[in-house]
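Observations on the three-dimensional arrangement
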Amino acid sequence: MPQKRMKAVIPAAGLGTRFLPATKALPKEMLPVVDKPAIQYVVEEAALAGIHDILIIIGRNKNALANHFDSVPELEDKLKHKGDHGRLKRVVESSDLADIHFVRQGEPKGLGHAVLRARAHVGDAPFAVLLGDDLIDERDPLLTTMIDEHEARGATIIALMEVDPEQIHMYGAAAVEPTDDADVVKVTGLVEKPSKEDAPSNLAVIGRYVLTPQVFDILERTEPGKGGEIQLTDALQELATSDGDGGGVYGVVFRGRRYDTGDRVDYIKAIVQLAADREDLGPELRPWFKEFAATL
Ligand code: UTP
């Protein structure tokens with residue numbers, strides 16, 4: 001499996017201002033979704049796609065993130081002593097998922113700047129980027145499809161999702177042309193957070209990318225864009241429109257379940273949906289949700 005060698009980068013150095021004050025001392029990627037921090041779902045997704053080397057880009061509240069993926073011998077001993085093998089397994093799993101590395105982004109200068117911090121670790125090879133607050137339901141695999149498309153086309157692959165045109169101003173939007181595969185489009189242009197009128201389509205860029213290393217050279221010279229931040233979308237726009245050796249940009253159109261845990265409403269929906277589907281929690285919760293909904 002060649003994808004075993006691909007590394008993944010998870011940027012988690014944003015300020016998480018939409019979740020203040022919860023994110024004053026905790027990265028938003030550490031907020032629990034049912035009983036695991038959001039970022040653990042993302043690390044599990046990468047591991048399921050065959051990626052075992054993961055670099056997390058950390059910001060000012062780095063300790064909580066680093067500690068979560070470390071082993072905690074005292075806790076493990078206590079659970080072992082109590083014979084609580086179920087919980088012990090879940091604790092050990094979180095530190096056994098992959099080989100996890102950390103690098104700091106000194107100042108949150110944007111997603112493009114965060115990705116550039118991965119250059120030394122990734123080297124001259126294609127790599128995956130997974131946003132640490134963007135959850136893709138494990139029942140609807142996306143990353144594996146993107147890695148396969150990258151291997152078939154030698155190109156940069158981004159994930160796109162159709163959104164309500166009223167919401168496109170919250171995303172990067174893609175101008176696309178069809179390919180002979182209904183779920184894959186050629187990306188001819190990208191605009192970060194356009195107004196509804198300026199959006200080239202209602203295909204929004206979501207938080208999964210398989211990038212060719214050419215993106216690093218472009219990011220080195222990408223000027224701050226929307227919001228004064230160095231935008232990954234701007235570098236991808238250059239890759240999509242240049243005739244260089246980056247192989248162009250293609251989009252995999254994702255039609256599955258996605259939860260943006262950086263947004264408060266979506267975060268709550270994620271918890272409700274994932275908990276309702278769980279075998280251990282669903283049977284008790286589902287009737288309560290129905291009763292509660294009837295009171296609204
Ligand atoms: P967001 O724009 O969603 O994150 O970035 P944010 O800025 O933390 O959120 P708000 O709007 O203030 O609430 C998308 C992803 O990129 C990371 C974030 O951690 C998130 O996973 N990011 C963003 C960085 O790692 N560094 C940055 O400078 C900016």
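All residue numbers here refer to positions counted from 1 along the written sequence of the relevant chain. With the structure being a predicted model, the display of local features is reserved for residues of pLDDT at least 70 and the display and counting of side-chain atom pairs for 80 or more, all residues being used for whole-chain, interface and lining totals. The side-chain numbers reported here are obtained from all heavy atoms of the structure, hydrogens and water having been left aside.

Focus: the layout of surface pockets
The way it works is a 1 Å grid over only the protein atoms, where trapped points that fit a 1.4 Å probe form a cavity and open points with protein on both sides within 12 Å along at least five of seven lines form a pocket, and then any residue with an atom within 4 Å of a point lines it. Grid points are joined across faces, edges and corners, and a volume is the space filled by probe spheres set on the points. Within this model, the largest pocket holds a volume of roughly 1400 Å³. In DSSP terms, a helix is any run of H or I states spanning at least four residues, a strand is any run of E spanning at least two, and both are numbered starting from the N terminus. Elements with a minimum of two residues in the lining of the largest pocket: β1 (7-12), α5 (111-116), β8 (156-162), β11 (203-211), α9 (232-241), β13 (258-260) and α10 (264-277). Top element by residues in the lining of the largest pocket is β11. It accounts for four residues. The residue makeup of the lining of the largest pocket, split by class, is 17 nonpolar, 13 polar and 16 charged. Side-chain classes follow a simple rule in which Ala, Val, Leu, Ile, Met, Phe, Trp, Tyr, Cys and Pro form the nonpolar group, Asp, Glu, Lys and Arg form the charged group, and the remainder, Gly included, forms the polar group.

Some thoughts on helix α7 (residues 143-153)
Think of an α-helix as 3.6 residues a turn; residues three or four steps apart then line up on the same face. If you check which residues of α7 are buried, you get Leu143, Met146, Ile147, Glu149 and His150. Seen end-on, α7 carries its buried residues on one side only, within an arc spanning 160 degrees. If you follow the buried residues of α7, they end up packed against α1 (38-48), β6 (127-130), β8, β10 (184-192), β11 and β12 (249-253). Following α7 by one or two positions, Gly154 has its phi on the positive side, about 65 degrees. Throughout, exposure labels follow a simple rule: accessible area from a 1.4 Å probe, protein chains only, divided by the maximum for the residue type, with under 20% read as buried, over 50% as exposed, and the rest as partly exposed. Summarising the geometry, the arc corresponds to the directions from the helix axis toward the C-beta atoms. The criterion used for residue contact is that any of the two residues' heavy atoms lie within 4.5 Å.

Thoughts on the confidence of the model for the protein chain
Per-residue confidence from the predictor is reported as pLDDT, which spans 0 to 100. Taken as a whole, the protein chain shows an average pLDDT of 91; of its residues, 97% reach a score of 70 or greater. Of all the helices and strands in the protein chain, helix α4 (residues 85-96) carries the lowest mean pLDDT, 77, while β6 carries the highest, 98.

Some remarks on the site of the ligand
The local shell around the ligand holds 19 residues, among which Gly16, Thr17, Glu29, Gln105 and Gly110 are the closest. The definition of a polar contact used here is a pair of N or O atoms within 3.5 Å, where within protein one atom must be able to donate a hydrogen and the other to accept one, and adjacent residues in sequence count solely through side-chain atom pairs. Measuring from an oxygen atom of the ligand, one finds a backbone N or O atom of Gly110 at 2.7 Å. Look at the ligand: alone it shows 580 Å² of surface, and the protein chains cover 85% of it. Grid points define the cavity or pocket, and a molecule sits in it when more than half of its atoms lie within 2 Å of them. A majority-of-atoms criterion places the ligand in the largest pocket. Of all the secondary-structure elements, those providing two or more residues to the shell around the ligand are β1 and α5. Classifying every residue of the shell around the ligand by side-chain character gives eight nonpolar, six polar and five charged. One heavy atom within 4 Å of a molecule or strand is enough for the residue carrying it to be called near that molecule or strand. Note on areas: these come from Shrake-Rupley sampling with a 1.4 Å probe, and a residue is covered only by the protein chains present in the view.

A closer look at the pattern of salt bridges
Side chains carrying opposite charge are able to pair once their charged atoms draw close together. Each reported salt bridge corresponds to a side-chain nitrogen of Lys or Arg within 4 Å of a carboxyl oxygen of Asp or Glu. One pass over the structure, following the stated rule, counts 19 salt bridges. Of the charged contacts in the structure, one is a salt bridge between Arg257 and Asp140, with a shortest N-O distance of 2.8 Å. Linking Arg257 in the loop between β12 and β13 with Asp140 in the loop between β7 (134-136) and α7, this pair joins segments that are 117 residues apart in sequence. Given the relative accessible area of 33%, Arg257 is considered partly exposed. The salt bridge involving Arg278 is made with Asp280; its shortest N-O contact spans 2.9 Å. Here the salt bridges share partners, and the residues they tie into one network are Asp137, Arg139, Asp140, Arg257 and Asp277.

Focus on the packing of aromatic side chains
For this analysis, a ring pair means two rings from Phe, Tyr or Trp (six-membered ring only for Trp) whose centres lie within 6.5 Å, classed as stacked if their planes differ by under 30 degrees, edge-to-face if by over 60, and tilted for the remaining angles. A complete count under the given rule lists four aromatic pairs for this structure. Taking 5.2 Å as the distance between ring centres and 80 degrees as the angle between the ring planes, the aromatic pair formed by Phe19 and Tyr267 counts as edge-to-face. Pair noted here: Phe19 is in the loop between β1 and β2 (32-33) and Tyr267 is in helix α10, with a separation of 248 residues, a long-range link. What makes Tyr267 buried here is its relative accessible area of 13%. Sitting over a ring, as applied to charges here, requires NZ of Lys or CZ of Arg to be within 6 Å of the ring centre and within 35 degrees of the ring normal. Over the ring of Tyr41 we find Lys36, and its NZ or CZ is 4.4 Å from the ring centre.

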